[in-house]
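# Overview (structure and organization)
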Amino acid sequence: MTEANSEKEPITFVDNRKIDPETGDVRQQAADNGAAAAQAPQVDEGVDTDNGDALADTISGELAERTADLQRLTAEYANYRRRVERDRKAAIDSAKASVVTELLGVLDDLDRARAHGDLESGPLRSVADKLSAALLKQGLEEFGSEGEPFDPTLHEAVQHEGSGHDPVIGIVMRKGYRFGDRVLRHALVGVTDGVADLTENTVQSTEEASDVDAGANDQ
């Protein structure tokens, strides 16, 4: 072995502890490092005020736009639901009216049988009453009876007696029916003068007769 190899290099230890283990005091090197760190310029981590305001305005605008879109979609959906419900109800009413229209002939036959006294008793009367009650429950209404004011939108006049300006129904030849606001069939009626017209005609006839009598007495 050579002399260089026999001699070992001395081992040195660097104590980096900030506090002296023997005295408990802060070492000068650690104090210097702390002071240097305190004197080092700090990086501003805050956000630029102008950029922050612009970002807030952008977010507020997008939020208002999305809110308006949501409100518009909500209104459109509500209108769609109302339209679907209205169309569904109209379809149901149309189907009911179609079925009821097919049964109007049966009701006419029952009315004729009732007029001839065939529905005074027996099973046919029970059937007629149940059918009429069921149709009325579904919304069927009959119209056209003697004494009602004449309405050309509901009644079809096939004869007219008198010349008054207040016509009423004098005779019903066929009842009219409506289902809700829909007229299924007009009433077939005969029209006559109203009570007011009859009274006026009576008074006029009385006055004319009185004039004739007065003229005869003068002669």
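It should be noted that the structure appears before, not after, this text.
Let me sum up the structure you'll find in this document. Just so we're clear, the structure is a prediction, and the values are computed from it rather than from any experiment.

About the thresholds
Residues numbered from 1 in each chain as written. Predicted model: local features only at pLDDT ≥ 70, side-chain atom pairs only at ≥ 80, totals over all residues. Heavy atoms only, no water. Helix = DSSP H or I, 4+ residues; strand = E, 2+ residues; numbered from the N terminus. Contact = heavy atoms within 4.5 Å. Areas by Shrake-Rupley, 256 points an atom, 1.4 Å probe, with all protein chains shown as cover. Core = buried A, V, L, I, M, F, W, Y, C linked by side-chain atoms within 4.5 Å. Buried < 20%, exposed > 50% of the residue type's maximum accessible area, 1.4 Å probe, protein only. Pairing = 2+ DSSP bridges. Axes fitted to C-alpha atoms, helices over the stretch in contact; angles between N-to-C directions.

Quick look at the overall build of the protein chain now. In terms of regular secondary structure, the protein chain is built from six helices and six strands. Mapped from its N terminus to its C terminus, the protein chain presents α and β elements in the order α-α-α-α-α-β-β-β-β-β-β-α. Contacts in the protein chain between residues at least 24 apart in sequence constitute 59% of all its contacts with a sequence separation of at least 6. Only carbon and sulfur atoms are counted for the fraction: they give 53% of the accessible area of the protein chain, which is about 17,200 Å².

Glancing now at the nonpolar core. Counting residues in hydrophobic clusters, the biggest one holds 13 residues, and the most contacted among them are Val100, Leu104, Leu107, Leu140 and Leu184. Put simply, the parts of the chain that give this core at least two residues each are helix H3 (49-102), helix H4 (104-115), helix H5 (123-138) and strand S4 (176-179). For this core, the element with the highest residue contribution is H4, accounting for four residues. Among all residues touching Val100, those that are not within four sequence positions of it are Leu135, Leu140, Phe179 and Leu184. Listed in part, the six residues of the second largest apolar core include Phe143, Leu154, Ala187 and Val189.

Another point: the sheet that holds strand S2 (residues 155-160). Taking strand neighbours across the sheet as the criterion, the three strands line up as S2-S6-S3 in an open arrangement whose pairing is mixed. Each having just a single partner strand, S2 and strand S3 (167-174) make up the two edges of the open sheet. Pairwise comparison of adjacent strand axes, ignoring direction, gives a mean angle of 40° for this sheet. Both S3 and strand S6 (residues 187-193) contribute to a ladder of six bridges, which runs antiparallel. If you follow Pro167 over to S6, its bridge partner there is Asp193.

Another aspect to go through is the sheet that holds S4. Where strands meet in a sheet, backbone hydrogen bonds hold them as pairs that are either parallel or antiparallel. An order of S1-S4-S5 is seen for the three strands of this open sheet, with the pairing classed as antiparallel. Single-partner strands in this sheet number two, and they are strand S1 (140-143) and strand S5 (182-185). The average angle at which neighbouring strand axes cross in this sheet is 35°, direction not considered. Pairing between S4 and S5: three bridges, direction antiparallel. Within the sheet, the bridge partner assigned to Tyr177 lies in S5 and is Arg185. Lying over the sheet, H4 contacts S1, S4 and S5, oriented at roughly 140° with respect to S4.

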